[in-house]
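# Geometric and topological summary
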Amino acid sequence: ALTHTISTIPTQNGSLTYTGSPQSPSWNGYDPATLTLGGTTEATDAGTYTATFTPKDDYQWADGTKDPKSVQWSIGRANIASVPTQTGSLTYNGSTQSPTWSGYDTSKMTLGGTTNGTNAGSYAATFTPKANYQWTDGGTGAKNVNWSIGKAAGSLTLNRSSLTLNNATRTGTITVTRPGNGVVTASSNKTSICLLYTSD
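Keep in mind that what you see is a predicted model, and the values were worked out from it rather than measured.

## Section: the overall build of the chain
Check the secondary structure of the chain and you find zero helices and 20 strands. In terms of C-alpha radius of gyration, the chain reaches 36 Å, well past the compact-globule figure of 16 Å for 200 residues. Across its three principal axes, the chain shows a C-alpha extent of roughly 130 × 25 × 20 Å. For the chain, the residues scored as buried account for 22% of the 200 residues in total.

## Comments concerning the pairing of strand S6 (residues 47–55)
In terms of strand pairing, strand S5 (residues 35–39) meets S6 through five bridges, oriented antiparallel. For Leu 37, the partnering residue across the bridge sits in S6 and is Phe 53.

## So, the pairing of strand S16 (residues 143–150)
The pairing of strand S11 (residues 90–91) with S16 spans two bridges and is parallel. Bridging from a neighbouring strand, Thr 91 pairs with Gly 150 of S16. Both strand S14 (residues 121–129) and S16 contribute to a ladder of seven bridges, which runs antiparallel. Residue pairing for S16: Thr 126 is matched across the bridge by Asn 144.

## A closer look at the environment of Leu 111
Counting through the fold element by element, Leu 111 comes out in strand S13 (residues 109–113). In this structure the C-alpha to C-alpha distance between Leu 111 and Pro 129, which are 18 residues apart in sequence, comes to 9.2 Å. Not counting residues within four places of it along the chain, the set of residues in contact with Leu 111 comprises Trp 101, Tyr 104, Ala 125, Thr 126 and Phe 127.

## Let's talk about the sheet that holds S16
Hydrogen bonds between backbone groups are what pair the strands of a sheet, and the pairing can be parallel or antiparallel. The strand order across the open sheet built from four strands is S11-S16-S14-S13, with neighbouring strands paired in mixed fashion. In this open sheet, the two strands that pair with only one neighbour each are S11 and S13. Two strands pair when backbone bridges link them, and S13 and S14 are joined in this way by five bridges, in the antiparallel orientation. Bridging across to S14, Leu 111 finds its partner in Phe 127.

## What to know about the nonpolar core
Membership of the largest hydrophobic core comes to 27 residues, with the highest contact counts inside it found for Trp 73, Ile 75 and Trp 147. Mapped onto this core, the elements with two or more residues apiece are S6, strand S8 (69–76), strand S9 (78–80), S14, strand S15 (133–135) and S16. Setting aside residues no more than four positions away along its own chain, Ile 75 makes contact with Leu 16, Thr 17, Tyr 18, Gln 23, Ala 43, Thr 44, Asp 45, Ala 46, Gly 47 and Tyr 49.

## Observations regarding the sheet that holds S8
Strand order in this open sheet of four strands is S3-S8-S6-S5, and the pairing throughout is mixed. Every interior strand has two partners, whereas the edge strands, strand S3 (16–17) and S5, have only one.

Cut-off values and rules
Residues numbered from 1 in each chain as written. Predicted model: local features only at pLDDT ≥ 70, side-chain atom pairs only at ≥ 80, totals over all residues. Heavy atoms only, no water. Helix = DSSP H or I, 4+ residues; strand = E, 2+ residues; numbered from the N terminus. Rg over C-alpha atoms; globule rule 2.2 N^0.38 Å. Buried < 20%, exposed > 50% of the residue type's maximum accessible area, 1.4 Å probe, protein only. Pairing = 2+ DSSP bridges. Contact = heavy atoms within 4.5 Å. Core = buried A, V, L, I, M, F, W, Y, C linked by side-chain atoms within 4.5 Å.

Here you go:
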């Protein structure tokens, strides 16, 4: 019987990107009349897969063999549109707080780093793409995202708003009550009578 030669091994035509559904590649140089397709021919997750091509009865490869040839094909990771950012603002209230995130999709990325805090200040959370996703720059590593808790507005109350010193004692007390632990400073407009006072 006359044997026909297949001169080229098929290759993946174009590219595939993860969609969440099963996909099969299209092939350059694949003729179902001359080759039998096997191996992994359909997949859902991003990654590299191996299909096989085997010459049919009256066909052989250019090297004279009829063995299956393995051909790799792939599904690329889908892009995450943007790195999440803190949405809204937080203000110190004495309790543990966590930010709200714009662009955070739990199906596409994992949240890590510092995700809650109590004191006013800046914190760094991390976002890492899951297996089927990547950043638009092609990277798959964690990205740091800063978020913050703002300082609460200062407030204080006084037990009296004025103080008159008499000649006998020349002392008096005004009690200041305030949240937090900041320094309280008082001064007199009569510095020859009353000096600056600071409390910690």
